[in-house]
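If you want the building blocks of each chain, they are given just below.
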Amino acid sequence: MNPERNSDRKYDVLCIGQAVIDCIIRGQEADRHRENVFRAERIELHIGGDAVNESIALTEMGCRARIACGVGPDSAGNLLRTELAQRGVNTDHITVMDTLVTPIAQLVVHQDGGRHSINSKATMLEGYIPDAEALEMDSARIVSFASLFRAPLDQARVVIRLMQAAREAGAVISADTKLPTFREIKMEELAPVWPLVDYIFPNEREAAYYTGFTGRELREEDFFEMTDIFRGYGIKNVVIKAGADGCYVNGQEGRFHLPALPVEVVDSTGAGDNFVAGFLTGVLRGEGLTECAERGRERASRCISRMGASG
């Protein structure tokens, strides 16, 4: 799909996916004077979630972004909606449901910038299913499935319906993958819509998981073999985000490896989402894969040099 053909649309990107509050702890260590007490260099609250991070980054780069997500009628949901609106993201498609609790993620950031996270069952978003017709797919040049394999995009019938609607509306389709938590879709379950996907963005762990490479020490040839497997499903362009090792790209213009930019890593939270946002700005401009990937790594390098995904 050529995004220049639908340049007169109201929005550049519609981001569908998770919205959460991130409670980020950096530099946790035990207090040697007291048992069961820990100290931390910093503890901060940030709005987060893949759809949130992407939409904010896109807006900061001058794009017209709209978000579709589900939240509860609680203080966390109110914070998300208020801050997204203040950042210039269109929030008309945020669904507030009495039955939902807005997810809060606990993120522990290590001194090297790496992290681990804890997610609750609130991330399942039980009962929230985006309505393909209500989302006005034809209003966006790109539809980004920002949390593919996580709720609300962890049910095959939901993903298939939404992707088919996006393609019928003439939008470019982007998919940023996640590892499953409480529900899981097999790659084969989405066989009908993989050929509709223009760009997919797994990180190295997600790529290994969905292609059967988990447990291996990955080499460069393994990354390109994994991209071949994704392309074998009919996906047009595959970009594996490999953290400090940069990204591996395999698509309609060939394959290449682009190293990461050398920056001091403070917090890697949201780096992948910011990469995707940067990449999509290049897609909107009609640029090639190399230029898009360069935009992605530049945006990711800014993200990891500060706390939070949208600091």
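Scroll up to find the structure.
Residues numbered from 1 in each chain as written. Predicted model: local features only at pLDDT ≥ 70, side-chain atom pairs only at ≥ 80, totals over all residues. Heavy atoms only, no water.

(A) Seen up close, the overall build of the protein. Per the secondary structure count, the protein includes 7 helices and 15 strands. Since a compact globule built from 311 residues should have a radius of gyration of about 19 Å, the 19 Å found for the protein is in line with a globular shape. Expressed as lengths along the three principal axes of its C-alpha atoms, the size of the protein is roughly 65 × 45 × 35 Å. Split into buried and exposed, the 311 residues of the protein put 57% on the buried side. Contacts in the protein between residues at least 24 apart in sequence constitute 74% of all its contacts with a sequence separation of at least 6. Counting only carbon and sulfur atoms, one obtains 46% of the accessible surface of the protein, whose full area is about 13200 Å². Both charge centroids of the protein, one from 35 positive and one from 46 negative side chains, sit 2 Å from each other. (Helix = DSSP H or I, 4+ residues; strand = E, 2+ residues; numbered from the N terminus. Rg over C-alpha atoms; globule rule 2.2 N^0.38 Å. Buried < 20%, exposed > 50% of the residue type's maximum accessible area, 1.4 Å probe, protein only. Contact = heavy atoms within 4.5 Å. Areas by Shrake-Rupley, 256 points an atom, 1.4 Å probe, with all protein chains shown as cover. Lys, Arg positive; Asp, Glu negative; His and termini not counted. Charge placed at Lys NZ, Arg CZ, Asp CG, Glu CD.)

(B) Representation of the pattern of salt bridges within the structure. In total, this model carries 20 salt bridges according to the counting rule given. Where Glu60 meets Arg299, a salt bridge forms, and the shortest distance between an N and an O atom there is 2.3 Å. A residue pair is termed long-range when its members are at least 10 positions apart, and Glu60 in helix 1 (residues 50–60) and Arg299 in helix 7 (residues 289–304) qualify at 239 residues. In this structure Glu60 comes out as partly exposed when scored by relative accessible area, which is 43%. One salt bridge in this structure joins Glu136 and Arg66, with 3.1 Å as the shortest N-O distance. With Glu136 in the loop between strand 9 (115–118) and strand 10 (140–148) and Arg66 in strand 6 (residues 65–71), the pair connects residues that are 70 residues apart, well separated along the chain. Using a relative accessible area of 3% as the deciding quantity, one classes Arg66 as buried. (Salt bridge = Lys/Arg side-chain N within 4 Å of Asp/Glu carboxyl O.)

(C) Fine view of the side chain of Glu54. The topology assignment puts Glu54 in helix 1. Although Glu54 is buried, it makes no salt bridge; Lys241 carries the closest opposite charge, 6.8 Å away. Only 2.7 Å separates the side chain of Glu54 from the side chain of Ser144, close enough to count as a polar contact. (Polar contact = N/O pair within 3.5 Å; in protein donor to acceptor, adjacent residues only side chain to side chain.)

(D) Main features of the packing of helix 1 against helix 6 (residues 271–284). Two elements in contact, helix 1 and helix 6, have axes separated by 8 Å at closest approach and are oriented at 45 degrees. Considered as vectors, helix 1 and helix 6 are oriented oblique to each other. For the pair helix 1 and helix 6, the crossing hand works out as right-handed. For the pair helix 1 and helix 6, the contacting residues are Asp50, Asn53, Glu54, Ala57 and Leu58 in the first and Asp273, Asn274, Val276, Ala277, Leu280 and Thr281 in the second. Looking at the contact of helix 1 with helix 6 residue by residue, the classes come out as 5 nonpolar, 3 polar and 3 charged. (Axes fitted to C-alpha atoms, helices over the stretch in contact; angles between N-to-C directions. Parallel < 35°, antiparallel > 145°, perpendicular 65-115°, else oblique. Left-handed = near helix turned anticlockwise from the far one by under 90°. Nonpolar A, V, L, I, M, F, W, Y, C, P; charged D, E, K, R; others polar.)

(E) View of the environment of Arg219. Within the fold, Arg219 resides in the loop between helix 4 (204–211) and helix 5 (220–232). With relative accessibility at 48%, the residue Arg219 sits in the partly exposed group. For the pair Arg219 and Cys292, spaced 73 residues apart in sequence, the C-alpha to C-alpha distance is 24 Å.

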